[in-house]
Amino acid sequence: MLKEELEGLNISVGVYQSTEEAFMIPLIPLGLKETKDVDFSVVLKDFILEHYSEDGYLYEDEIADLMDLRQACRTPSRDTAGVELLMSYFIQLGFVESRFFPHTRQMGLLFTWYDSLTGVPVSQQNLLLEKASILFNIGALYTQIGTRSNRQTQAGLENAVDAFQRAAGVLSYLKETFTHTPSYDMSPAMLSVLVKMMLAQAQESVFEKISLPGIQNEFFMLVKVAQEAAKVGEVYQHLHSAMSQAPVKENIPYSWASLACVKAHHYRALAHYFVATLLIDHQLKPGADEDHQEKCLSQLYNHMPEGLTPLATLKNDHQRRQLGKCHLRRAVTHHKESVREASLCKKLRDIQVLQEVLSAAHQRSRLKYSQYQEDDDLLNLIDAPDIVSKTEQEVEIILPQFSKVTTTDFFQKLGPLSVFSANKRWTPPRSIHFTAEKGEVGFTFRGNAPVQVYFLDPSCSAALAGAKEGDYIVSIQGIDCKWLTVSEVIKLLKSFGEEEIEMKVVSLLDSASSMHNKSATYSVGMQKTYSMICLAIEDDDKSDKTKKVSKKLSFLSWGTNKNRQKSASTLCLPAVGVARPHIKKKFPTPFSLLNTDSSLY
């Protein structure tokens, strides 16, 4: 009963049609999937506290924004603004998945969505169901935009063609990306049929766009529209065949399959009618482009009827009329079949404009045939050959362009997603108290947003306070630093002079892969020097198996420009808290805060 109710209300071919009065066959929209409310607040707050060691209540506004966006997506406007709304939520779900949904466990959030064709609810704790359902609704929204377009104008028809192609693209992307969705309307078999249906409706709109200004009773114009109509009939025939295959036929609405069959016969009938008209009404006259007409007629068929050739048929009035009547008879046969199919489906019988279009086309073909019908036609007429389909605008899928939708990560305060994600495990933030003596902190930095501690002097105050190489700096004196660059961190540290600084840092629990590989020796009792045996800077963006060692850098390469040529294998480091020997000419130190170039990016 629920399935029948859905078919009658949400996915009826009469729903979401253009409000303009038009003598046109209706198109089929998809209904949006429905869902239940989801409360993100408790789960996300707990995860923020547990995983990111931050107070989840500081993110109440962000969580509320996420829930408001989801709620708005349940009733989007049927226009491009509604599409952008759904796309924004889909992109936001990508951020949420990376932030809060680790691969190792379920989060306890239950997402429930209803099948748009059967009404059967499907529930999962996996965010993939949420993302797939939103994608389906984006495709469905495009179909509703297409069916609401004003098909009495060229602009409206172009908008319909574009909308159906985009609907096909979204549904195709859904089929290729989410291959194990439990909801039947998103199964690969059903999505394949829906993609075919959207492309068929786009092709139908192309035909309507060509015929909108009016079809002139002229030889070459009739050749063109006959092949365009044959193309539409062909794609609807393929669609009806796909709808009739198991397992799709068990759940596809009967009115959809019936309408596909009706349109397949209707447009094939139109193709035969147009060919009959060009053969009967346009005799080859002196001065006519004989070669062009011969070429066009030969291209209408894969094979001419036995005993006929294109040029001879054009020149022989009797042959032209006989072949034209053959096409009229086939047109009448297809029209009868389209009317019969429409009468078998109650929902199609109730669509008055459909009945009027089919009846008018049928009567037109019957009337023309009756004008030339002779008593011996049943004995003398051969079967008219099939018409080769051809179109000036081959429709194709348009994949979704998510990059054109600007979306801000609601939870960007947690830090750059490349580092602060659900699948990376962290130590709780540690407070490091240290001072910068004469502008030197005892370590340098690497990376950009967030900045890491790098080349740490083991005897500096920061190291003695617990800092480690590879630590990520998350705040300085209570100022959030997760999104700051190296130069911004240096500028911030310089602003505190030599007063005690509180720096909070976190470490990856699997931090072995977070630092560059290096080898160094440290001589106790001597002037503090690092002998750089190896400094291999690796590509952080590649996996361990694909990393390549780049050219070694001199340890002095972070000095000022005028001293960069004075490279050496050792570097005199400042001794923190120990009297330093007098040095006449001091080398630049990478720990200096006085030079913004003293950092490795």
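Just so it is clear, the model here is predicted, and its values are computed rather than measured.

Student: With reference to specific residues and values, describe the layout of surface pockets.
Tutor: Put simply, the second largest pocket is a space of about 480 Å³. Taken together, 16 residues form the lining of the second largest pocket, with Phe 23, Phe 207, Ser 211, Leu 270 and Val 357 sitting closest to its centre. Secondary structure elements with two or more residues in the lining of the second largest pocket: α7 (188-211), α9 (254-281) and α14 (352-372). For the lining of the second largest pocket, the per-class residue count stands at 12 nonpolar, two polar and two charged. Counting contributing residues per domain, the lining of the second largest pocket is built from domain 1 (1-214 + 403-417) and domain 2 (216-394), each supplying no fewer than three.

Student: Give a detailed account of the packing of helix α6 (residues 154-177) against α7, specifying residues and quantitative values.
Tutor: Their axes nearest at 9 Å, the elements α6 and α7 cross at an angle of 165 degrees. As the angle between them shows, α6 and α7 are arranged roughly antiparallel. You can see that α6 and α7 cross each other, and the crossing is left-handed.

Student: Residues and numbers for helix α10 (residues 290-300), please.
Tutor: Gln 293, Cys 296, Leu 297 and Leu 300 are the residues of α10 that are buried. Seen along its axis, α10 keeps its buried residues to an arc of 95 degrees; they face one direction.

Student: Describe the side chain of Glu 208, naming the residues involved and giving the relevant values.
Tutor: Residue position: Glu 208 is located in helix α7. On the basis of relative accessibility, which here comes to 7%, the residue Glu 208 falls in the buried class. Setting aside residues up to four positions removed in sequence, Glu 208 forms contacts with Met 24, Arg 151, Leu 157 and Tyr 267.

Student: Can you break down the pattern of salt bridges residue by residue, with the values?
Tutor: Within this structure, the stated rule accounts for 23 salt bridges. Here Glu 130 makes a salt bridge to Arg 70, at a shortest N to O gap of 2.6 Å. Placement of Glu 130 in helix α5 (residues 127-148) and of Arg 70 in helix α3 (residues 60-72) is noted, with a sequence separation of 60 residues between them. For the residue pair Glu 130 and Arg 70, the accessibility class agrees, reading buried in each case. Its salt-bridge partner being Lys 263, residue Glu 204 comes within 2.8 Å of it at the nearest N-O pair. Here Lys 263 lies in helix α9 and Glu 204 lies in helix α7, a separation of 59 residues in the sequence. Since its relative accessible area comes to 0%, Glu 204 is described here as buried. Ionic contacts of the salt-bridge type, sharing partners, join the residues Glu 54, Asp 480 and Lys 482 into one network.

Student: Account for the packing of aromatic side chains, with residues named and values stated.
Tutor: Summed over all chains, the structure comprises 16 aromatic pairs. Between Phe 90 and Phe 402, the ring centres sit 4.9 Å apart and the planes meet at 25 degrees, which makes this aromatic pair stacked. Here Phe 90 is found in helix α4 (residues 80-100), whereas its partner Phe 402 is found in the loop between α15 (377-380) and β3 (430-434), with 312 residues between them in sequence. The pair Phe 90 / Phe 402 is uniform in exposure class, with both members buried.

Student: Provide a residue-level description of the pairing of strand β1 (residues 111-114), including the pertinent values.
Tutor: Sheet topology note: the β1/strand β2 (residues 121-124) ladder contains four bridges and is antiparallel. Pairing of Trp 113 across the sheet is with Val 122, part of β2. The antiparallel pairing of β1 with β2 creates a hairpin that spans six residues between the two strands, and Gly 119 there sits at a positive phi of about 80 degrees.

Student: Please provide a residue-by-residue account of the packing of helix α8 (residues 219-243) against α9, values included.
Tutor: Between α8 and α9, the least distance of the axes is 7 Å, while the angle of their chain directions is 160 degrees. Taken together, the axes of α8 and α9 lie roughly antiparallel to each other. Between α8 and α9 lies a crossing whose hand is left-handed. When the residues that make up the contact of α8 with α9 are grouped by side-chain class, the tally is 22 nonpolar, four polar and two charged.

Student: Account for the nonpolar core, naming residues and giving values.
Tutor: By size, the foremost hydrophobic cluster in this structure holds 130 residues, and its most contacted members are Phe 100 and Ile 138. In terms of residue count, α9 provides more of this core than any other element does, 16 residues in total. Not counting residues within four places of it along the chain, the set of residues in contact with Phe 100 comprises Leu 44, Phe 47, Ile 48, Tyr 52, Met 107, Phe 411, Leu 414 and Ala 422. Counting residues in hydrophobic clusters, the runner-up holds 25 residues, among them Ala 467, Leu 492, Phe 496 and Ile 501.

So, how was this worked out
Residues numbered from 1 in each chain as written. Predicted model: local features only at pLDDT ≥ 70, side-chain atom pairs only at ≥ 80, totals over all residues. Heavy atoms only, no water. 1 Å grid on protein atoms, 1.4 Å probe; cavity = no way out; pocket = protein on both sides within 12 Å on 5 of 7 lines; lining within 4 Å. Points joined across faces, edges and corners; volume = space filled by probe spheres on them. Helix = DSSP H or I, 4+ residues; strand = E, 2+ residues; numbered from the N terminus. Nonpolar A, V, L, I, M, F, W, Y, C, P; charged D, E, K, R; others polar. Domains from an automatic or database assignment. Axes fitted to C-alpha atoms, helices over the stretch in contact; angles between N-to-C directions. Parallel < 35°, antiparallel > 145°, perpendicular 65-115°, else oblique. Left-handed = near helix turned anticlockwise from the far one by under 90°. Buried < 20%, exposed > 50% of the residue type's maximum accessible area, 1.4 Å probe, protein only. Arc of directions from axis to C-beta. Contact = heavy atoms within 4.5 Å. Salt bridge = Lys/Arg side-chain N within 4 Å of Asp/Glu carboxyl O. Phe/Tyr/Trp six-rings, centres within 6.5 Å; stacked < 30°, edge-to-face > 60°. Pairing = 2+ DSSP bridges. Core = buried A, V, L, I, M, F, W, Y, C linked by side-chain atoms within 4.5 Å.

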